[in-house]
Amino acid sequence: MIADLKIEKHYSLFEDIQGLLIASAQAALGIHLLRAAGLVTGGTAGLALIISYLTGWSFSLVFFVINIPFYGFAYWARGAAFCLKSLMTVTLVSLLAEALKPLFAVGSIHPGIAAVLFGVSAGVGLLGLFRHSGSLGGVSIVAVILQDKFGIKAGWTQLTHDLVLFAVALWILPIDRVLWSLLGAVIVNLVIAFNHRRDWYIVT
């Protein structure tokens, strides 16, 4: 009878912190490459990139600020832990993306390569954030909640939103940059859609 008991396992505080840090670094690297090629992406990161291109404002500052309204929703839907982890990861990505500018200068990169590397790096980063109950704020918060409550895969939710954002990007960016950006967004969302399955995991 004891063998039949299921004990729910959880990550320790240290495991959560290192997991969120590594995943945030991956996401920040992807955004850095995307920015170097003059591309955009979906979600609040894509919106922040568009605003930074138009105004010259720091991506990191814009990204941090526009995510603030979503923390209340994160707290209401999934509690304080998810809210705090989302705040932590958005802050980490903002800081790391800014730190990479002088430390990892990208003189020239083909937009296609930037899009593919962004898709893989950011996709794996988002998987890590989701696994440790974190997010990059904004749409990713909504995507995780919809998946948990209604079974709608997080990748498909983000892909739908991204298509709307790219329609807006067509008005301000060259068509080739938008098409390469779309490739990156498709890759990152397919990585999430094919790999984010809570029933495959043991530890939460």
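Data block above holds the structure.
Bear in mind the structure is a predicted one, so any value in this text is a computation, not a measurement. (Residues numbered from 1 in each chain as written. Predicted model: local features only at pLDDT ≥ 70, side-chain atom pairs only at ≥ 80, totals over all residues. Heavy atoms only, no water.)

## Considering the overall build of the protein
- Of the regular secondary structure elements, the protein holds eight helices and zero strands.
- Counting helices and strands in the order they occur from the N terminus, the protein gives α-α-α-α-α-α-α-α.
- Its C-alpha atoms give the protein a radius of gyration of 17 Å, near enough to 17 Å, the size a compact globule of 204 residues would have.
- Among the 204 residues that make up the protein, the fraction classed as buried is 48%. (Helix = DSSP H or I, 4+ residues; strand = E, 2+ residues; numbered from the N terminus. Rg over C-alpha atoms; globule rule 2.2 N^0.38 Å. Buried < 20%, exposed > 50% of the residue type's maximum accessible area, 1.4 Å probe, protein only.)

## Some thoughts on empty space enclosed by the protein
- Overall, the coordinates contain one cavity of 30 Å³ or more when judged by the stated rule.
- Estimates place the volume of the largest cavity at around 210 Å³.
- Along its surface, the largest cavity is lined by 17 residues, and Gly 42, Ala 45, Leu 126, Leu 136 and Gln 158 are the ones closest to its centre.
- Looking at the lining of the largest cavity, the elements with two or more residues in it are helix H2 (43–55), helix H5 (111–131), helix H6 (138–150), helix H7 (154–169) and helix H8 (175–195). (1 Å grid on protein atoms, 1.4 Å probe; cavity = no way out; pocket = protein on both sides within 12 Å on 5 of 7 lines; lining within 4 Å. Points joined across faces, edges and corners; volume = space filled by probe spheres on them.)

## Brief notes about the pattern of salt bridges
- Applying the stated rule across the entire model yields three salt bridges.
- With a closest N to O distance of 2.8 Å, Asp 16 and Lys 85 form a salt bridge. With Asp 16 in helix H1 (residues 13–36) and Lys 85 in helix H4 (residues 80–103), the pair connects residues that are 69 residues apart, well separated along the chain. Comparing Asp 16 with Lys 85 shows no difference in burial state: the two are buried.
- Across the pair Arg 177 and Asp 176 runs a salt bridge whose closest N-O atoms are separated by 2.8 Å.
- Residue classification places Arg 177 among the partly exposed residues on the basis of a relative accessible area of 27%. (Salt bridge = Lys/Arg side-chain N within 4 Å of Asp/Glu carboxyl O.)

## Section: the nonpolar core
- The biggest cluster of nonpolar side chains holds 48 residues, and the ones touching the most others in it are Val 40, Phe 59, Phe 63, Val 93, Leu 126 and Leu 136.
- Of all the elements in the fold, those that place two or more residues in this core are H1, H2, helix H3 (59–78), H4, H5, H6, H7 and H8.
- Residue contacts for Leu 126: discarding those within four places in its chain leaves Leu 136, Gln 158, Val 188 and Ile 192. (Core = buried A, V, L, I, M, F, W, Y, C linked by side-chain atoms within 4.5 Å. Contact = heavy atoms within 4.5 Å.)

## Looking at the side chain of Thr 157
- With respect to the element layout, Thr 157 can be found in helix H7.
- Those residues in contact with Thr 157 that sit more than four places away from it in its chain are Ala 143, Leu 146 and Ile 152.

## A look at H7
- For H7, which comprises 16 residues, the first-to-last C-alpha distance of 22 Å matches the rise-based estimate of 22 Å (1.5 Å per residue) to within 8%.
- Where H7 is concerned, the buried positions are Ala 154, Gly 155, Thr 157, Gln 158, Leu 159, Asp 162, Leu 165, Phe 166 and Ala 169.
- Next to the buried residues of H7 lie H2, H5, H6 and H8. (Expected span 1.5 Å × (residues − 1).)

## Some remarks on the packing of aromatic side chains
- For the coordinates displayed, the defined rule picks out one aromatic pair.
- When the centroid spacing of 5.4 Å and the interplanar angle of 10 degrees are considered together, the rings of Phe 59 and Phe 63 count as stacked. In this pair, Phe 59 and Phe 63 both sit in helix H3, four residues apart, roughly one turn of the helix. (Phe/Tyr/Trp six-rings, centres within 6.5 Å; stacked < 30°, edge-to-face > 60°.)

## Details of the environment of Phe 63
- Residue class for Phe 63 comes out buried when judged on its relative accessible area of 0%.
- Separated by 74 residues in sequence, Phe 63 and Gly 137 have C-alpha atoms that sit 9.4 Å apart.
- The contact partners of Phe 63, leaving out residues within four places of it in the chain, are Thr 44, Ala 45, Ala 48, Val 90, Val 93, Ser 94 and Leu 136.

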